[in-house]
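So you can see what is in the structure, the chains are spelled out below.
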Amino acid sequence: MAKAPAPSEIDWQNLGFEYMDLPYRFLAHYKDGKWDDGTLTEDATLHISEGSTGLHYGQADFEGLKAYRTKNGDIQLFRPDQNAARMQKSCERLLMPAFPTDKFINAVKSVVKANADYVPPYGTGGTLYLRPLMIGVGGNIGVHPAPEYLFTVFAMPVGAYYKGGVKPTNFTTSYYDRAAPHGTGQSKVGGNYGGSLLPGDEAHKAGFSDVIYLDPATHTKIEEAGSANFFGVTKDNEFVTPKSDSILPSITKYSLLYLAEHNLGMKPVQGDVFIDDLDRFTEAGAMGTAAVIAPIGGIEYKDQLHVFYSETEVGPVTQKLYDTLTGIQFGDVEAPEGWIQKVEL
Ligand SMILES: Cc1ncc(COP(=O)(O)O)c(C=O)c1O
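- The name that an unreviewed UniProt entry assigns to the protein is Branched-chain-amino-acid aminotransferase, with the source organism given as Secundilactobacillus angelensis.
- The UniProt entry for the protein carries the following text under Sequence similarities (unreviewed entry): "Belongs to the class-IV pyridoxal-phosphate-dependent aminotransferase family."

Here it is in structure tokens:
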């Protein structure tokens, strides 16, 4: 596997969202009922048994968060405690051992520090994307929890989602579901994503940026926007997001529910979003760590494209939400207490 280029050779302005083998990652091993201390390693390859449950039975969960370079050159994390807590919930669902919050944050910080030269410069819009991952390993063939587990955190620089400004894209609805009514939709587990590849591919081939998933029980309500949560803005100044047990609880979503209320004076609403009642929204978007805030131009449903604000221009409320959130993440806007953690270099 090719190693990442030296930081001096990276074109920071034109990074995409691609895997890169950076110099260091963190790796811990769970055996005989406990986690070892874990260590930084230069080996990007996992050596695991062919009987690993992570390979056969989807006993695997993960997280995604970013490290941000501020104007004065510091590096900071956005709400990493929330990622640790969500991973613990995912682990509970798949009968995997929890990785404690303090160890999770220390592991993330150690990876950022060891690869600090790969955190993109302030002003490029780039960030260091961090991928904590846990998998069941060890010889096993029955459908049982694994005897051992690996927890790793690896990282790579990724580019701004939008080059040259935030731009809307269109989404389409799908026949397929990403999650079952009482399944694993609330957990960030590998299986949810395997099942989303085909609908995602069909949407891309039809010229859409991703799929709007409807609720799996009735197919009447919006649940997710690809691998991001959905929001709509009403003319009554409400910030509305779907509420459902099969949606991944997005950290960006909870942050924006708070910022919409406290920084923008909006009314935060979590409730049903019916696919045949989109006229109530003046703007709409997708939100998540990777997408940040992606304005939705229109949604195709039953061969009709419903356009919200515009197919080419971002709406004013979406822009304000974007500026507030990214301002906090890059250290230019004051953050609510406890949201930002500095990485000591
Ligand atoms: C299915 C799905 N929904 C929503 C999100 C957004 O969550 P977050 O804001 O925590 O990144 C993600 C990405 O993590 C996701 O994979």
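## A look at empty space enclosed by the protein
Then step 1. Counted by the stated rule, this structure contains 3 cavities of 30 Å³ or more.
Then step 2. Reported here for the largest cavity is a volume of approximately 100 Å³.
Then step 3. Taken together, 13 residues make up the lining of the largest cavity; nearest its centre are Tyr68, Phe78, Thr252, Thr289 and Gln329.
Then step 4. With 3 residues, the single largest contributor to the lining of the largest cavity is strand β5 (residues 65–69).
Then step 5. Along the lines of polarity and charge, the residues of the lining of the largest cavity split into 6 nonpolar, 6 polar and 1 charged.

## Here's the deal with unusual backbone geometry
Then step 1. One non-glycine residue with positive phi stands out, namely Leu95, at about 50 degrees.
Then step 2. In this structure Leu95 comes out as exposed when scored by relative accessible area, which is 59%.
Then step 3. For His219, which is not a glycine, the phi torsion comes out positive at approximately 55 degrees.
Then step 4. Looking at where His219 falls in the secondary structure, it is placed in the loop between β10 (210–214) and β11 (222–225).

## Re the site of the ligand
Then step 1. Taken together, 15 residues form the shell around the ligand, and within it Arg86, Tyr193, Ser250, Thr252 and Thr289 come nearest.
Then step 2. Between Ser250 and the ligand, the recorded distance is 2.6 Å, taken from a side-chain N or O atom to an oxygen atom.
Then step 3. Relative to its unbound accessible surface of 380 Å², the ligand loses 95% to contact with the protein.
Then step 4. Taken atom by atom, the bulk of the ligand overlaps the largest pocket.
Then step 5. Those elements that place two or more of their residues in the shell around the ligand are α6 (251–262) and β15 (281–288).
Then step 6. Across the shell around the ligand, the residue classes tally to 5 nonpolar, 6 polar and 4 charged.

About the cut-offs
- Residues numbered from 1 in each chain as written.
- Predicted model: local features only at pLDDT ≥ 70, side-chain atom pairs only at ≥ 80, totals over all residues.
- Heavy atoms only, no water.
- UniProt positions renumbered as here; feature names shortened; annotations may be inferred.
- 1 Å grid on protein atoms, 1.4 Å probe; cavity = no way out; pocket = protein on both sides within 12 Å on 5 of 7 lines; lining within 4 Å.
- Points joined across faces, edges and corners; volume = space filled by probe spheres on them.
- Helix = DSSP H or I, 4+ residues; strand = E, 2+ residues; numbered from the N terminus.
- Nonpolar A, V, L, I, M, F, W, Y, C, P; charged D, E, K, R; others polar.
- Buried < 20%, exposed > 50% of the residue type's maximum accessible area, 1.4 Å probe, protein only.
- Near = heavy atom within 4 Å.
- Polar contact = N/O pair within 3.5 Å; in protein donor to acceptor, adjacent residues only side chain to side chain.
- Areas by Shrake-Rupley, 256 points an atom, 1.4 Å probe, with all protein chains shown as cover.
- Sits in = over half its atoms within 2 Å of the grid points.

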